[in-house]
Each structure stands twice: as structure tokens, then as C-alpha cells.
Amino acid sequence: MTAKILDGAALAQELRAGFKLRAEALAAQGTRPGLAVVLVGEDPASQVYVRNKVNACAQAGFHSEKIVLPVETTAADLLERIAALNADPAIHGILVQLPLPKHIDADAVLEAIAPEKDVDGFHAENLGALTQGKPRFIPCTPHGVMKLLEKGDVSLKGQEAVVIGRSNIVGKPMALLLLAAGATVTVCHSQTRDLAFHTRRADILVAAVGRPRFVTGDMIKPGAVVIDVGINRVPEDQPDAGKLCGDVDFASAREVASAITPVPGGVGPMTIAMLLANTLLAAERVAA
Ligand code: GUN
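If you're wondering where the values come from, they're calculated on a predicted model, not measured in any experiment. (Residues numbered from 1 in each chain as written. Predicted model: local features only at pLDDT ≥ 70, side-chain atom pairs only at ≥ 80, totals over all residues.)

1. A few points about the overall build of the protein
Inference 1: Tallying secondary structure elements over the protein gives 10 helices and 11 strands in all.
Inference 2: In terms of overall size, the protein behaves like a compact globule, its C-alpha atoms giving a radius of gyration of 19 Å where 288 residues would be expected to give roughly 19 Å.
Inference 3: C-alpha atoms of the protein, sized along the principal axes, occupy 50 × 40 × 35 Å.
Inference 4: The buried share of the protein, taken over its 288 residues, is 47%. (Helix = DSSP H or I, 4+ residues; strand = E, 2+ residues; numbered from the N terminus. Rg over C-alpha atoms; globule rule 2.2 N^0.38 Å. Buried ≥ 20, exposed ≤ 12 C-beta atoms within 10 Å, placed from the backbone.)

Right, dumping it as C-alpha cells:
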């Protein structure tokens, strides 16, 4: 079997065209959706992600502000910036790019963002609402995965879903969304015994481990749907060293799975599309 490709780049483009129209309609009523993206330090991957987010805003006709702060910024300075953005009526969404430098308490920063502007959905209040099945904002990456599954007509009710990774950004909210959709969910992580035992039971397998080509074809149940959240560089000892790759070994996985997301062009573009969706939602709520 060669798996069907779940094309996140195409779906994201389609969704973004719709967001642009909604943004124009809102702007005609006097509200232009506005996103502030805050980056502390010079992490090269974060710089790329932030640039892509700001460019996506421009293409959709959103207002955006990129705030780049030096790595030595204090928590107090950052909190002051966030307070100003919370009070700024031109800004409907605030995203602080993670990871933050180690001297800053990331949880305290996320809690300082006004929950109604927390387009990442990382504030405790918003995670609580998500847990209760009444989300205000759905975290962008898992939300993008759900849209891809929907578009691919993947049924979830009663299915075995296995998530590898338990981060607050992906693994935990992903598990909650799959659970809410009726899947039976297992969350695996670095301390899981016999990972392959779990992954081989999965009808839907979501890999969010941050290790290049970690999930191989022999770990996948024939016919499973495989979602690859990883964005890694191919290690030096492999022929295509330096290229982008996922957490899944695409070549062996596609021979076993029924559907799979590529890297790049799978989940990554969907994360950005869902950030636009949440920002638009935040602006529409203010305008309503
Ligand atoms: N770093 C990696 N993914 C994300 C994300 O979705 N949001 C933020 N704020 N930082 C990230």
C-alpha cells in the first residue's frame, strides 16, 4: 500500500483565502484583525516561524506587529510589553514565541496574556475551557491536525488514537481533541515502556516527539493514518543531511499507512492557518 498524502499546504491555502474574505468584511465594519508576535532572543528556528506568521498575516490582510526583544530581556520587561498589548485595541491576538530564554518563567508570561487575546490557547483558563469541552481558542497545531483529519474524511469515533509526546503545546491538547471526537486515546512519551507495542495498535498515530525519523514503518499498523508534527533537520550521518524531515520516517511509513502527512507541507502550514483562524475569531468577538 502507498499512503494517500494529507496535503496541509493545499488545505491551509484554501482556508487562508476564506480568512482573507472574512477579514475584509470585518475591516469594512471598522475592525482589522491584529496579531502581535513577540520573540525574545535569536533562536534561528523561532525567527523563521515568527517571520512566517507575520507574512501570513500580511497576505490575509491582517494588521500585525513583530516585537523582537534581546535575549537578556527581563521577565518584568516582557510582562510590561504584554500588559501594553493587552490594552491595545488594534491587537486582538498575542503570541509569545516559545521557547523563551531559561531565565524567564514561561508559565508566568503565558498567564499574563489576556485570555481573550490568547490565540495560542495556552493560558490556564483557556486550557481549562478546552478540557471541559468548551474551548475559547483551540491550540493551533492540534487544531490544524483535526482539520486535516476532517478534510481527509478520517473517522475518529471508537478508533484507537496514539499520541507520542505530552507537551502542553501539542501532545496534551491533541489528546483532548481526539478524546472529544470519540477516539480512545493513549499518550506515549519518553518514559513509555515498549513504545512500538502502543504505536502498532494505533488507527491514528500522531508523532510529536521532536526526533528525526523516529517512527519507522515497522512501528505502524497497516492502514493507519499517520500525522507527523515534527520539524527536524536530517542528521549528518544520512545522505540527505540538513534537509527538513519529520518525526516519522516517511519512506518506510508511507508503504504501511493508508494516509500520511508530509514534512514539509503537512501540519506546519496548518498551524499557521489556525493561528489566523484564532486571530480572526478574537477580532470577530470584539466586533460583535
Ligand atoms: N513554539 C513552537 N510551537 C509554538 C506555538 O504553537 N506557539 C508558540 N507561541 N510557540 C511555539
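2. Describing the UniProt feature "domain: Tetrahydrofolate dehydrogenase/cyclohydrolase NAD(P)-binding" (unreviewed entry) in the protein
Inference 1: Using the residue numbers shown here, the UniProt feature "domain: Tetrahydrofolate dehydrogenase/cyclohydrolase NAD(P)-binding" (unreviewed entry) corresponds to residues 139-285.
Inference 2: The distance separating the terminal C-alpha atoms of residues 139-285 is 18 Å; by composition the span is 34% helix and 16% strand. (UniProt positions renumbered as here; feature names shortened; annotations may be inferred.)

3. Let's talk about the environment of Gly93
Inference 1: Mapped onto the secondary structure, Gly93 falls in strand S4 (residues 93-96).
Inference 2: Of the residues examined, Gly93 has 28 C-beta atoms within 10 Å and is grouped as buried.
Inference 3: For Gly93, the contacting residues outside a window of four places in its chain are Leu35, Lys117, Val119, Asn278, Thr279 and Ala282. (Contact = placed C-beta atoms within 7 Å.)

4. Digging into the domain arrangement of the protein
Inference 1: As assigned here, the protein comprises domain 1 (31-116) and domain 2 (140-268).
Inference 2: Once you take the C-alpha centre of each, domain 1 and domain 2 turn out to be 28 Å apart. (Domains from an automatic or database assignment.)

5. A closer look at the pairing of strand S3 (residues 63-69)
Inference 1: As paired elements, strand S2 (residues 34-40) and S3 share seven bridges and run parallel to each other. In the strand pairing of S3, Val40 is matched with Leu69.
Inference 2: For the handedness criterion, the β-α-β arrangement of S2, helix H2 (residues 44-59) and S3 is classed as right-handed. (Pairing = 2+ DSSP bridges. Right-handed = clockwise from strand over helix to strand, strands pointing away.)

6. Quick look at the sheet that holds S2
Inference 1: The strand order across the open sheet built from three strands is S3-S2-S4, with neighbouring strands paired in parallel fashion. The open sheet has two edge strands with one neighbour each: S3 and S4. Averaged over all adjacent pairs, the angle separating strand axes in this sheet is 15 degrees, with direction ignored.
Inference 2: Pairing between S2 and S4: four bridges, direction parallel. If you follow Val38 over to S4, its bridge partner there is Val96. (Axes fitted to C-alpha atoms, helices over the stretch in contact; angles between N-to-C directions.)

7. Examining unusual backbone geometry
Inference 1: Here the amide bond leading from Leu98 into Pro99 is cis, since omega sits at 5 degrees, within 30 degrees of zero.
Inference 2: Mapped onto the elements of the fold, Pro99 is located in the loop between S4 and helix H4 (106-112).
Inference 3: Phi angles above zero are rare outside glycine, and Asp153 is one such case at about 55 degrees.
Inference 4: The exposure class assigned to Asp153 is exposed, which follows from the 7 C-beta atoms found within 10 Å.
Inference 5: A positive phi angle is found at Asp194, which is not glycine, with a value near 50 degrees.

8. Looking at the site of the ligand
Inference 1: Lining the immediate environment of the ligand, one finds Leu95, Val96, Gln97, Leu98, Asp120, Cys140, Thr141, Ile169 and Thr271.
Inference 2: Breaking the shell around the ligand down by element, the ones donating at least two residues are S4 and helix H6 (140-151).
Inference 3: The class makeup of the residues in the shell around the ligand is five nonpolar, three polar and one charged.
Inference 4: In this structure, the shell around the ligand is formed jointly by two domains, domain 1 (31-116) and domain 2 (140-268), each of which donates at least three residues. (Near = placed C-beta within 6 Å. Nonpolar A, V, L, I, M, F, W, Y, C, P; charged D, E, K, R; others polar.)

9. Details of the nonpolar core
Inference 1: Counting 90 residues, the largest nonpolar core has Val163, Leu205, Val206, Val226, Ala257 and Leu276 as the members making the most contacts within it.
Inference 2: By residue number, the principal contributor to this core is helix H10 (residues 267-287), which donates 11 residues.
Inference 3: Among the domains, domain 1 (31-116) and domain 2 (140-268) are the pair contributing at least three residues each to this core.
Inference 4: Apart from the residues within four sequence positions on either side, Leu276 is in contact with Arg16, Phe19, Ala56, Ala60 and Phe62. (Core = buried A, V, L, I, M, F, W, Y, C linked by C-beta atoms within 7 Å.)

10. Some details on helix H5 (residues 124-131)
Inference 1: Looking only at H5, the buried set comprises Asn126, Leu127 and Leu130. The buried residues of H5 occupy an angular sector of 100 degrees when projected down its axis, which confines them to one face.
Inference 2: Its buried side turned inward, H5 meets helix H7 (171-180).
Inference 3: One or two positions beyond H5, positive phi appears at Gly133, with a value near 80 degrees. (Arc of directions from axis to C-beta.)

11. Details of the environment of Gly266
Inference 1: Relative to the helices and strands, Gly266 is located in the loop between strand S11 (259-260) and H10.
Inference 2: Separated by 260 residues in sequence, Gly266 and Leu6 have C-alpha atoms that sit 6.7 Å apart.
Inference 3: Each residue touching Gly266, except ones within four places of it in the same chain, is listed here: Leu6, Gly8, Asp228 and Thr261.

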